Amino acid sequence: MSAASEMKSLADEQRLKGNYKAAIKYYREAISLSTKRGRQGGRAQGESARLRQIMDAQVGLALAQRALGRWKDALTVLQNARQHYTDTNDKAGIAFSLWAEAGTLRVKGDISGCIGLFKQAMGLFTRLGDDSGVGYCLCGLGGAHRIKGSYQDSLDYYNRANALFSSLDDHFGIAYSFCGVGNALRMKNEHKEAKDYLHRALTLYGKIGDIVSSAYTLLSLGLFYTIVGKYEMADGFFDKAQQRFKATSDARGSIYVLLGRCQLGHLTNTGADNAGLLDRALQYANQYDFSVERCHCVKLGAILNGATTDCYQQLGITNVGDVLPLNIP
């Protein structure tokens, strides 16, 4: 294995562990090493492999940037990578970059564009016979449709993903889809089933040692227990989620925790500094230009101030409600 390949493997490992800043450093070193190797010359038949290695590292870099909220940088990198994969007729590369770009549009808040790209990626993965890729596209579609407000469609996509991951014995995929099923059921107010699936996801994430995706399951449980009125339990789950979001420098996750705690404060202790929590959430949303999360902040602020907002309509997604507690998707 070349030094560049070893560096990319190290970067992938750090990214999957949630060490995104370290991953970015290693991806850049991998790209630099591959680029230098090209300048030194070599056999023509190795050139395409070297360029593919650079592009794959670029996609990994973009995924790490996205996780840190830098979705604009990620989009630029991914679009350049996809153009290279297209120029070289690398269908697997195109599919993977489409999947990554779709998830980045979700972070941006372009839900319609996100759905379109996930469907394109899923079509390519299907033709390639890549069942794992199909499963992760199904999860992406489930999440995007939940944000859009199409909760039954979301549930259907996650159930399809779960069946596929179960057939592959993909434990991470199973946990991921369990969480998605639980969230879709939460939005449909099917409380018992939602709680069961979310806890099943959390248990499985624990068995495989995941802290990145499990943070969102903890957040979902915090939102769930807020909705059903078990505020002390909700606060405990928000606290655990925030510990993991802090460990992985996940600003978007932290916004949701702040929104959850702001709601809890108004429901249980109206004299607390709940406005400060909402202000911090909105500052993060503005800093990273997260459209959906900013809209949630604006909506919560409008409810607390007796005002209205049309931000959901502008984004083409469903209003989360008009009274506390908000069942944030």
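Scroll up to find the structure this text is about.
Residues numbered from 1 in each chain as written. Predicted model: local features only at pLDDT ≥ 70, side-chain atom pairs only at ≥ 80, totals over all residues. Heavy atoms only, no water.

(A) The state of the cysteines, seen in detail. This model, assessed by the stated rule, comprises one disulfide. You can see C114 has no disulfide; the closest cysteine sulfur is in C137, sitting 10 Å from it. Given the relative accessible area of 0%, C114 is considered buried. Free of any disulfide, C139 has its nearest neighbouring cysteine sulfur in C179, separated by 9.5 Å. (Disulfide = S-S within 2.5 Å. Buried < 20%, exposed > 50% of the residue type's maximum accessible area, 1.4 Å probe, protein only.)

(B) Expanded view of the packing of aromatic side chains. Under the counting rule described, the total for this entry stands at eleven aromatic pairs. Considering the side-chain rings of Y225 and F237, the 5.5 Å spacing of their centres and the 5 degrees angle between planes classify their relative orientation as stacked. You can see Y225 sitting in helix α11 (residues 212–227) and its partner F237 sitting in helix α12 (residues 231–247), a full twelve residues away along the chain. Y225 sits in the buried class, given a relative accessible area of 4%. Connected via pairs of aromatic rings, a cluster forms that spans Y136, F165, F172, Y176 and Y205. When the ring centre of F237 is taken as reference, the NZ or CZ atom of K240 above it lies at 5.5 Å. (Phe/Tyr/Trp six-rings, centres within 6.5 Å; stacked < 30°, edge-to-face > 60°. Helix = DSSP H or I, 4+ residues; strand = E, 2+ residues; numbered from the N terminus. Lys NZ or Arg CZ within 6 Å of the ring centre and 35° of its normal.)

(C) Layout of the pattern of salt bridges. For the structure shown, the criterion picks out 16 salt bridges. Residue R50 pairs with E47 through a salt bridge whose shortest N-O separation is 2.6 Å. Of this pair, R50 and E47 both sit in helix α3 (residues 47–67), three residues apart, roughly one helical turn. For E47, a relative accessible area of 32% puts it in the partly exposed group. Salt bridges here are not isolated pairs; linked through shared partners, they connect K8, D12 and R15. (Salt bridge = Lys/Arg side-chain N within 4 Å of Asp/Glu carboxyl O.)

(D) Representation of the side chain of S220 in the model. Tracing the sequence through the fold places S220 in helix α11. If we ignore the near neighbours within four places in the chain, the residues touching S220 are C179, N183, R186 and L198. (Contact = heavy atoms within 4.5 Å.)

(E) Representation of the packing of helix α7 (residues 131–148) against helix α8 (residues 151–168) within the structure. Between α7 and α8, the shortest axis-to-axis distance is 8 Å and the interhelical angle comes to 160 degrees. Looking at the two axes, α7 sits roughly antiparallel to α8. In this structure, the crossing between α7 and α8 has a hand that is left-handed. The residues of α8 that touch α7, namely those facing D131, S132, V134, G135, Y136, L138, C139, L141, G142, G143, H145 and R146, are Y151, D153, S154, Y157, Y158, R160, A161, L164, F165 and L168. Grouping the constituent residues of the contact of α7 with α8 by class yields twelve nonpolar, six polar and four charged. (Axes fitted to C-alpha atoms, helices over the stretch in contact; angles between N-to-C directions. Parallel < 35°, antiparallel > 145°, perpendicular 65-115°, else oblique. Left-handed = near helix turned anticlockwise from the far one by under 90°. Nonpolar A, V, L, I, M, F, W, Y, C, P; charged D, E, K, R; others polar.)

(F) Representation of helix α9 (residues 171–187) in the model. The terminal C-alpha atoms of α9 lie 24 Å apart, and with 17 residues this matches the ideal 24 Å at 1.5 Å per residue to within 8%. Extensive coverage of α9 is indicated by the burial of 14 of its 17 residues. With a side-chain oxygen lying 3.2 Å from the backbone nitrogen of F172, the N-terminal cap of α9 falls on D170. Backbone geometry just downstream of α9 places N189 in the positive-phi region, at approximately 65 degrees. (Expected span 1.5 Å × (residues − 1). Polar contact = N/O pair within 3.5 Å; in protein donor to acceptor, adjacent residues only side chain to side chain.)

(G) Expanded view of the side chain of E101. Within the secondary structure, E101 is located in helix α5 (residues 91–108). Of the polar contacts made by the side chain of E101, one reaches the side chain of R82; its length is 3.0 Å. Ignoring sequence-local partners within four residues, the contact set of E101 consists of L75, L78, Q79, R82 and L117.

(H) View of the packing of helix α14 (residues 274–288) against helix α15 (residues 291–304). Running from N to C, α14 and α15 cross one another at 150 degrees; their axes reach a closest spacing of 8 Å. Taken as axis vectors, α14 and α15 run roughly antiparallel relative to one another. You can see that α14 and α15 cross each other, and the crossing is left-handed. Packed against α14, whose contacting residues are L278, A281, L282, A285 and N286, the element α15 presents E293, R294, C297, L300, G301 and L304 at the interface. A per-class count over the contact of α14 with α15 returns seven nonpolar, two polar and two charged.

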